[in-house]
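Chain residues, written in single-letter form:
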Amino acid sequence: MDYPNKKDFLNLPDEESFDYKEFLGKVIAKWYLFLISVFLCLLASVLYIKYSVPEYKITSKLLVEDQKNSGGGALSNNMITDFSSLFDLPSNAQNEIDILKSRSLMEKVVDQMHLNVTLFRKGRFKYDELFDDAPFQVNIIYKTDSVNSNAYNIEVSGNGFIHLLDDKNDIDIKGKFGDTLKLKGYDLIFSEKSNSKISGNFLLTIVSKDSKVEALTKQIDAQLSDKQSTTIDLVFNYSLSKKGEVILQSLMDNYIKTNLEYKVQTADSTVAFINRRLVIVQKELLGVEKDFSGFKQQNDLANVTEQSKALVTSASDYYNQLNAQEIQLTVVNDLEKYVKDPANKTIIPSSLTDQDPVFANGIKNYNDLLLERDKLNLSYKDTNPVVISLDGQIENVKENLIKSFEAYRKGLQTSKNELKNRNGIFNNKIKSVPEKERVFLDYSRQQNLKQELYLYLLQKKEETMISKTSTISSARIIDNAKSDQEPYKPKHSLIYLIGLAAGLIIPISYISIRDNLNVIIISKQDIEKHTQVPVVAEIGNNSEKSHLVVVENSRTIIAEQFRSLRTNLQYVIKQGGPQVIMITSNMSGEGKTFISLNIGSALAISGKRVVFLELDLRKPKLSNALEMDNLNGFTNYIISQQGDIDSFIKPTLHHENLFLMSSGPIPPNPSEILLSEKFPLLIDQLKKEYDFIIIDSAPVGLVSDALIIDKYVDVSLYVVRQKYTFKNSLSNLNDLIKNNKLKHVYLVVNDIETKKGGYYGYGYGSYGYGSYNYGDYGQDVKKSFFENLIDKFKRT
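Quick caveat, the model's predicted, so the values are computed rather than measured. (Residues numbered from 1 in each chain as written. Predicted model: local features only at pLDDT ≥ 70, side-chain atom pairs only at ≥ 80, totals over all residues. Heavy atoms only, no water.)

**Q** Whenever I open this one, the packing of aromatic side chains confuses me. Can you help?
**A** For any pair of aromatic rings, the description rests on two quantities: the centre-to-centre distance and the angle between the ring planes. Tallied over the entire structure, the rule returns ten aromatic pairs. Centroid distance Trp 31 to Tyr 32: 6.0 Å. Interplanar angle 85°. Geometry classified as edge-to-face. Residue classification places Trp 31 among the partly exposed residues on the basis of a relative accessible area of 32%. Measuring from ring centre to ring centre gives 5.9 Å for Phe 236 and Tyr 238, while their planes differ by 15°; the resulting arrangement is stacked. Both residues of the pair, Phe 236 and Tyr 238, belong to the buried class. (Phe/Tyr/Trp six-rings, centres within 6.5 Å; stacked < 30°, edge-to-face > 60°. Buried < 20%, exposed > 50% of the residue type's maximum accessible area, 1.4 Å probe, protein only.)

**Q** Which parts of the structure should I look at to understand the nonpolar core?
**A** In summary, soluble globular proteins display a tendency toward joint burial of nonpolar side chains. One finds Leu 613, Phe 634, Leu 682, Leu 686 and Ile 695 to be the most contacted residues of the largest nonpolar core, which totals 42 residues. Counting 36 residues, the second-largest nonpolar core is a separate cluster that includes Ile 558, Ile 595, Val 715 and Val 748. (Core = buried A, V, L, I, M, F, W, Y, C linked by side-chain atoms within 4.5 Å.)

**Q** What should I look at first to understand the environment of Ser 208 in this one?
**A** Position of Ser 208 among the secondary structure elements: in the loop between β10 (200-206) and α6 (209-218). Separated by 60 residues in sequence, Ser 208 and Asn 148 have C-alpha atoms that sit 6.1 Å apart. In contact with Ser 208, not counting residues within four places along its chain, are Asn 116, Val 147 and Ser 149. (Helix = DSSP H or I, 4+ residues; strand = E, 2+ residues; numbered from the N terminus. Contact = heavy atoms within 4.5 Å.)

**Q** What is the right way to look at the sheet that holds strand β4 (residues 136-142) in this model?
**A** Sheets are built from strands paired through backbone hydrogen bonds, the pairs being either parallel or antiparallel. The strand order β4-β9-β8 describes an open sheet built from three strands, whose pairing is antiparallel. Single-partner strands in this sheet number two, and they are β4 and β8 (180-183). Adjacent strand axes in the sheet meet at a mean angle of 25° when their direction is disregarded. Judged from the seven bridges that link them, β4 and strand β9 (residues 186-192) form a sheet pairing that is antiparallel. By the bridge assignment for β9, Ile 141 is matched with Asp 187. (Pairing = 2+ DSSP bridges. Axes fitted to C-alpha atoms, helices over the stretch in contact; angles between N-to-C directions.)

**Q** Looking at this model, I keep getting lost on the pairing of strand β18 (residues 658-661). Mind explaining?
**A** Within a regular strand, the side chains alternate between the two sheet faces. Of the two faces of β18, the one holding Leu 658 and Leu 660 and the one holding Phe 659 and Met 661 are both buried throughout. Note that strand β16 (residues 610-615) and β18 share four bridges and pair parallel. Residue Leu 613 lies in a different strand from β18, and its bridge partner there is Met 661. Sheet analysis places strand β17 (residues 650-651) next to β18, joined by two bridges and oriented antiparallel. Looking at β18, one finds that Pro 651 is bridged to Phe 659. Turn length for the β17-β18 hairpin, with the two strands adjacent in sequence and antiparallel, is six residues.

Below you can see the structure in the form of structure tokens.
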């Protein structure tokens, strides 16, 4: 058996690395935990689904009319631009969503349906909410504006008596149907819905309206069906499908009703405004007419209007003619500039002037020559004599035309001056109209204005009244409230999936947490992760009362394990001479005395002379295990003056080749005793008489006795005990080896749990991934399916 180098203790496996194969082995070994956990979690899922309060999804759809394309009811577009702009405001779909989700709208529903009062029937494990199937009705008469939340247990007997209980508020009231049960803040009246006998236990909850409104508002959702449309999808979640449908339908009905009421209210306010204006305008009109009539009677005025109109008409005619002359003068001046400009070679727009025939003929001749030249340019160049001759004619005509412009301008100016004189005459006549006539005209204008305003108001009043009677809502219901057939909560498949996942996660978490929190040695991997010291033997649990399990003809599993240890020692000790073997451990209770006793017995049975040295001087146990006293032993030898050791060595009763030097009396200074010069002499003398010297030393993790003895031994067996030895004890062992304080150390794993079928291991399956089946020699042990599965996995 190769012993590791010191550097191997510096390159231990990473303790934090995850071994999937090891973990899977643990999972398979604990298959029953998974079976139980999955069963319990699925059972919990079934119970949760059965007794949890379901949630139904109730849906509906509204259409909000596009007011941009609709005048709203019977109103025309002209009506909207006037007083009725307040009557039918354009509806915005997003604004309507906010209205549908408003507290004020839900508050109307709560008031109408008395939703703050809820009745439940008491079941075995839960309360079921009642709606129209409730056997009786509860009417509440409020004494105050606000109430506190309360829950009352109601016991109804078959003879119609009611027992109302509230232990929290110390309420215990009895009555019968029709009685008024007086409570603080409100009175309750219970009414039967049918003549059949009612009995059973019920729960009545009464909450404030505000809290109920807030709770229901959170359960409703409104969204646009599409960004391009004005349809609104409403979704309401409630535990009772039929009641949820009624609540959502009532919400939509109240929304449409509120919409109509707003339109009617707006129309009423418009009519009231018009009526107030009509009264004021009527008084003003009567006052103007009375003053006008008195003015005409006082001044004997008649046909003043016709005379004034004639003067104004004549003045307007002359003024229009004067404007026409001004326009002609402006056009002639612009044409003259146009003709004089050498760069202009195009025809003159003659249609702009209202000239005499001579002037018009001159323009026509000039335009004809220009057109003729344009035709010649298509065939001749500008230097052609024909073109040159034509250009001369054009210049002559242009000069004559310019002269005619001057003459025509003078004629227009003369006409303009004449028109100014005539217009001035008519203006003077108008100014000479008497002051009384101007007052007459003012009265007339005031009368017409008030009369037209009065008629206009009468017309708008009639239109508003007609529109009020034909008003329709800007929204309408497309789909009434309808609940899904099945509740959307709890989702059965999801709950079962969660239950299954929890059933798998819980045992996995248990295994992981147990391993992470475990600080003691459970499995072979715990040893391999902390040290490279070879394991020379694995000793199972001793279920017998006797400390000595290795005797003649013993066929038990644990006896065979010690025989296996005896065989393995042949590969770690030097052959051909006596051997000193020290048995130690990290702390007391790990079984070093048990290992010492039985390995010595196994060697003695094989024909070797074996002597025990009980050197755990502080807490000796080997003598007691052999049922012998320790009165005269190692301590006596060290402090005595004699060199003969035979008087201190006693034969045991268990085997003729087995001897003991007990510890002797417990000394006050054990370490100093071991440092005595007689100790190496003792070892040398024992080697002459015995084949094996088995030293049962003190725990190396507590005292240094074993470190003193180590230089005299050939092999040290370090005992670790399953589910007892701490993992950090192996780290201490590594430090001792690296610092040369212990040499030639091998591990013996003690007290391994024995499992059914001959398997033993460190908490799962068998030790490591192999199996040791000593069985009961020659007996076939049947294994379960899962044990065979574990064996197959371990061999992979």
